[in-house]
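Architecture and fold: a report
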Amino acid sequence: QRLRCFYPADFWFLGVPQVAHSSRGVMTRFASGGAGYIISRALLPKLSTWSPFCLLQLLQHAGGTGMEDVSLAGCIWRWGRVEVVSYADYETEVITSEAALNRTRVVQKHEPHEALAVPPCAMVVHSVSPEELPVVRDNIQRARRERPQKCIPDQQRLAHGASMVLSPETPETSEVPAD
């Protein structure tokens, strides 16, 4: 259902976008491997051609170490100029931070009478232990029963998220304005 929003003949690199900062100050927008990533059928043959060059560069510059998701994103961008696009809505579907885990309480058991803050279309993609998975599954299933809806991405929200440029905080942007 979710992939019907994306035409397979186009070049798509889908995932949950994150930003990595190198020691040289270079930013790389990448699809988090923890959330998984999807490469379109059209892009895959191109990537198979580029990958030996990308692997050689990784071996030469980083000794073969590093995060595979960041390296893959760098390869796809360097050779194909294809950026990662989110396959999910950050606000309603993705739980990737401790703050989101705390806000939704998705990993905590809830009594039947307790209100549930878990979004019905949530996809938990990070920071959940194997022991917590059954509770997460139960909470999401309960949220879907209590607030049924189709979990199909809103194309306008995805387009908006894809067009956003992620950048690091600077002293000017991280200060809270005085009242």
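Values in this document were obtained by computation on a predicted structure and should not be read as measured data.

1. Quick notes on the nonpolar core
Ranked by size, the top nonpolar core spans 15 residues in total, and within it Phe13, Leu43, Leu47, Trp50 and Ile76 carry the most contacts. Mapped onto this core, the elements with two or more residues apiece are β3 (27–31), α1 (43–62) and α2 (68–80). Counting residues per element, this core draws most heavily on α2, which supplies 5 residues. Listed in part, the 10 residues of the second largest apolar core include Leu101, Val106, Leu116 and Val136.

2. As for unusual backbone geometry
Even without glycine at this site, Arg81 takes up a positive phi of about 55°. You can see Arg81 is positioned in the loop between α2 and β5 (84–86). Despite not being glycine, Arg105 has its phi angle at roughly 55°, a positive value. Its place among the elements puts Arg105 in the loop between α3 (98–104) and β7 (123–124).

3. Thoughts on the packing of α1 against α2
Close contact between α1 and α2 brings their axes to 9 Å; oriented N to C, the two are set at 110°. It follows from the interaxial angle that α1 and α2 lie roughly perpendicular. The chirality of how α1 crosses α2 is right-handed. Contact residues: α1 offers Leu43, Leu47, Trp50, Phe53, Cys54, Gln57 and Leu58, while α2 offers Ser71, Leu72, Cys75, Ile76, Arg78, Trp79 and Gly80. Grouping the amino acids of the contact of α1 with α2 by side-chain chemistry returns 10 nonpolar, 3 polar and 1 charged.

Reading the values: rules and limits
- Counting starts from 1 at the beginning of each chain's written sequence and moves along it residue by residue.
- Local features are withheld for residues below a pLDDT of 70 in this predicted model, meaning they are given only at 70 or higher, and side-chain atom pairs are given and counted only at 80 or more; totals for whole chains, interfaces and linings count all residues.
- The basis for every side-chain value is the complete set of non-hydrogen atoms in the structure, without hydrogens or water.
- Remark: nonpolar core denotes a set of buried residues (Ala, Val, Leu, Ile, Met, Phe, Trp, Tyr, Cys) joined through side-chain atoms within 4.5 Å.
- Under the scheme applied here, a residue whose accessible area is under 20% of the maximum for its type counts as buried, over 50% as exposed, and between as partly exposed, the area being computed with a 1.4 Å probe on protein chains only.
- The secondary structure listing takes helices from DSSP runs of H or I that are at least 4 residues long and strands from runs of E that are at least 2 residues long, numbered from the N terminus.
- Every axis corresponds to a line fitted to the C-alpha atoms, with the helix fit spanning only the stretch in contact, and the corresponding angles, defined between N-to-C directions, vary from 0 to 180 degrees.
- Any angle that is under 35 degrees is reported as roughly parallel, and any over 145 degrees as roughly antiparallel; angles of 65 to 115 degrees are reported as roughly perpendicular and all others as oblique.
- When the near helix sits turned anticlockwise from the far one by under a right angle, the crossing is termed left-handed; a clockwise turn instead gives a right-handed crossing.
- Only heavy atoms matter for contacts: two residues are in contact if any of them lie within 4.5 Å across the pair.
- Ten residue types, Ala, Val, Leu, Ile, Met, Phe, Trp, Tyr, Cys and Pro, are classed as nonpolar, four, Asp, Glu, Lys and Arg, as charged, and the remainder, Gly among them, as polar.

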